[in-house]
Amino acid sequence: MNFESPASPIRRFLDRRFPETTSVLDPWRKALRNVKPHLPPDDPAGGPTPNAVLGHAINARVGWDFAPADRADVRAGGALLVGDGASAEVVDDVLARLAGPVPQHPYDAARLAWFAGLLDRAQRSQRWDEPWYEPILTAGTADELLLQVPNHWAADIVAVERAAARSLASLRLDELGEPIEPLAASVGTSFAGSDAVGGAEADLVVGGTVVDLKLTATTKTRLRDLHQVLALALLDGDDAHGLTHVGLAPVRFGVLVRWDLAELLAQLAGRPVDLAETRADLRTHLAA
């Protein structure tokens, strides 16, 4: 889903239909005010910080609090690594653990999430020539593999997940503050219109809220980030997920910002908006 180019079909639709952007980011700016992000530590060996690897791992770990972490892209990445010589037994063991409950020991969960992120990244990039992948290709057992995750990076994953868990806890509650039972939740969620924009997925869909996990460590707020999660809600053309809210979660800040979907659309359009009609219009626009 291309939001970098103003000429992309999805950007043109949103810019034309929802031009009233004044103050729309104010809730996000307010939530970040005076909040310091949790930053990854310096590598004790003096090496570079693997921000992209950590980003995938944190995304996997935070999502695992809501749904199994053996998502389709993770499994596909595992198959790619097995095809290049990794032990099928080791990869299958890791995937089986990711399919189960979150381990009680937070560092065990973080190390598994590290490799879930790497497998997901391999599938998305179709590359695994970085040194981070070497343990997957050479480990003889899953336990041996997990020991290869440096403690300082595992600690970063643990710290960010804890902050994210506190901020995302509200997604489990209804408007009266009561737990939602059963809680509908999914990770890596596709929508009816996803294929029309290159297979766009949501990081999380929980209890009627579609959430984009942001790994940024800056307080800069961008309209295109809100546009992206709004577009995901509009791509749910058959209303399969019953979405009522959209959210951005800058997890290094431990913050969740939610907008009521109907109110947000009305604010951006400058008038009340029919959600079903807008979804149909977007579907027509993308098919043109």
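Okay, so let's go over this structure. (Residues numbered from 1 in each chain as written. Predicted model: local features only at pLDDT ≥ 70, side-chain atom pairs only at ≥ 80, totals over all residues. Heavy atoms only, no water.)

### Description of the overall build of the protein
What counts here: Numbering of helices and strands runs from the N terminus, with a helix taken as a DSSP run of H or I at least four residues long and a strand as a DSSP run of E at least two residues long. For the radius of gyration, the atoms used are the C-alpha atoms, and the globule rule reads 2.2 Å times the number of residues raised to 0.38. Relative accessibility decides the category of a residue: with a 1.4 Å probe and only protein chains considered, values under 20% of the type maximum give buried, values over 50% give exposed, and everything between is partly exposed. Contacts are assigned to residue pairs with any non-hydrogen atoms lying within 4.5 Å of each other. Areas reported here follow the Shrake-Rupley algorithm with a probe of radius 1.4 Å; residue values treat only the protein chains shown as occluding. Charge convention: Lys and Arg are scored as positive, Asp and Glu as negative, and His as well as the terminal groups of each chain are ignored. By convention, the charge on Lys lies at NZ, on Arg at CZ, on Asp at CG and on Glu at CD.
Within the protein one finds 12 helices and 5 strands. Relative to the globule expectation of 19 Å for 288 residues, the C-alpha radius of gyration of the protein, 20 Å, shows essentially globular dimensions. Taken over 288 residues, the protein has a buried fraction of 46%. When contacts within the protein are restricted to residue pairs at least 6 apart in sequence, those whose partners lie at least 24 apart make up 72%. Put simply, the protein shows about 13500 Å² of open surface, and 50% of that area lies on carbon and sulfur atoms. Positive and negative side-chain charges in the protein, numbering 28 and 39 respectively, have mean positions lying 7 Å apart.

### A short note on the environment of Ala142
Note that Ala142 resides in helix α8 (residues 142–146). Judged by relative accessible area, which is 3%, Ala142 ranks as buried. Residue contacts for Ala142: discarding those within four places in its chain leaves Val90, Asp93, Val94 and Arg97.

### Considerations on empty space enclosed by the protein
Selection rule: A 1.4 Å probe that fits into a set of points on a 1 Å grid over the protein atoms alone but cannot get out defines a cavity; an open set with protein on both sides within 12 Å along at least five of seven lines defines a pocket, and lining residues are those with an atom within 4 Å of a point. Grid points are joined across faces, edges and corners, and a volume is the space filled by probe spheres set on the points. Residues are grouped as follows: Ala, Val, Leu, Ile, Met, Phe, Trp, Tyr, Cys and Pro are nonpolar; Asp, Glu, Lys and Arg are charged; all remaining types, including Gly, are polar.
Counted according to the given criterion, the structure contains 1 cavity of 30 Å³ or more. A volume near 40 Å³ is recorded for the largest cavity. In this structure, the largest cavity is lined by Val90, Val91, Val94, Phe115, Leu119, Ile136 and Leu145. Breaking the lining of the largest cavity down by element, the ones donating at least two residues are α5 (88–99) and α6 (106–125). A per-class count over the lining of the largest cavity returns 7 nonpolar, no polar and no charged.

### Examining the sheet that holds strand β1 (residues 185–190)
Put simply, the rule is: Here the rule is simple: two strands pair whenever DSSP picks up at least two bridges between them. The angle between two axes is taken between their N-to-C directions and runs from 0 to 180 degrees, where each axis is a line fitted to C-alpha atoms and a helix contributes only its stretch in contact.
Pairing is mixed across the open sheet formed by 5 strands, whose spatial order is β1-β2-β3-β4-β5. Looking at strand neighbours, the two that pair on one side only are β1 and β5 (257–260), the edges of this open sheet. Ignoring which end each strand starts from, the neighbouring axes of this sheet average 25° apart. Where strand β2 (residues 201–206) and strand β3 (residues 209–214) come together, 3 bridges link them in antiparallel fashion. Looking across to β3, one finds that Val205 is bridged to Val210.

### Points about helix α1 (residues 9–17)
Rules: Comment: arc refers to directions from the helix axis out to C-beta atoms.
For α1, the set of buried residues is Ile10, Arg11, Phe13, Leu14 and Arg17. Down the axis of α1, the buried set is contained in an arc of 160°. They therefore lie on one face. Lining the buried residues of α1 we find α10 (223–235), α11 (261–269) and α12 (275–287).

### Topic: unusual backbone geometry
Here the amide bond leading from Glu181 into Pro182 is cis, since omega sits at -10°, within 30 degrees of zero. Of note, the phi angle at Asn34 is positive, near 65°, even though the residue is not glycine. Mapped onto the secondary structure, Asn34 falls in the loop between α2 (26–32) and α3 (51–64). What makes Asn34 exposed here is its relative accessible area of 78%. Backbone geometry places Asp239, a non-glycine residue, at a positive phi of 55°. Among the secondary structure elements, Asp239 is positioned in the loop between α10 and β4 (245–250). When its relative accessible area of 41% is taken as the criterion, Asp239 is described as partly exposed.

### A few points about the packing of aromatic side chains
Here is the rule we go by: Only centres within 6.5 Å qualify two rings of Phe, Tyr or Trp (six-membered ring in Trp) as a pair; their planes then separate them into stacked at under 30 degrees, edge-to-face at over 60, and tilted for everything else.
Evaluation of the coordinates by the stated rule reveals 1 aromatic pair. Relative to Trp132, the ring of Trp114 lies with its centre 5.5 Å away and its plane at 75°, an arrangement referred to as edge-to-face. Residue Trp114 is found in helix α6, and its partner Trp132 is found in the loop between α6 and α7 (134–138); the two are separated by 18 residues along the sequence. Judged by its relative accessible area of 2%, Trp114 falls in the buried class.

### Considerations on the layout of surface pockets
If you add up the space inside the largest pocket, you get close to 690 Å³. If you go around the largest pocket, you meet 32 residues; those closest to its centre are Asn59, Arg124, Asp203, Asp212 and Leu213. Counting only elements with at least two residues in the lining of the largest pocket, the list comes to α3, α6, β1, β2, β3 and α10. Ranked by the residues each element gives to the lining of the largest pocket, the list is headed by α3, at 6 residues. A breakdown of the residues in the lining of the largest pocket according to their chemical character gives 13 nonpolar, 8 polar and 11 charged.

### Structural notes on helix α9 (residues 151–168)
Formally: A helix is expected to span 1.5 Å multiplied by its residue count minus one.
Between its first and last C-alpha atoms α9 spans 25 Å; for 18 residues at 1.5 Å apiece the expected length is 26 Å, and the two agree. Those residues of α9 that fall on the buried side of the exposure criterion are Trp153, Ala154, Asp156, Ile157, Val158, Val160, Glu161, Ala163, Ala164, Ser167 and Leu168. In this structure, the buried residues of α9 make contact with α3, α6, β2, β3 and β4.

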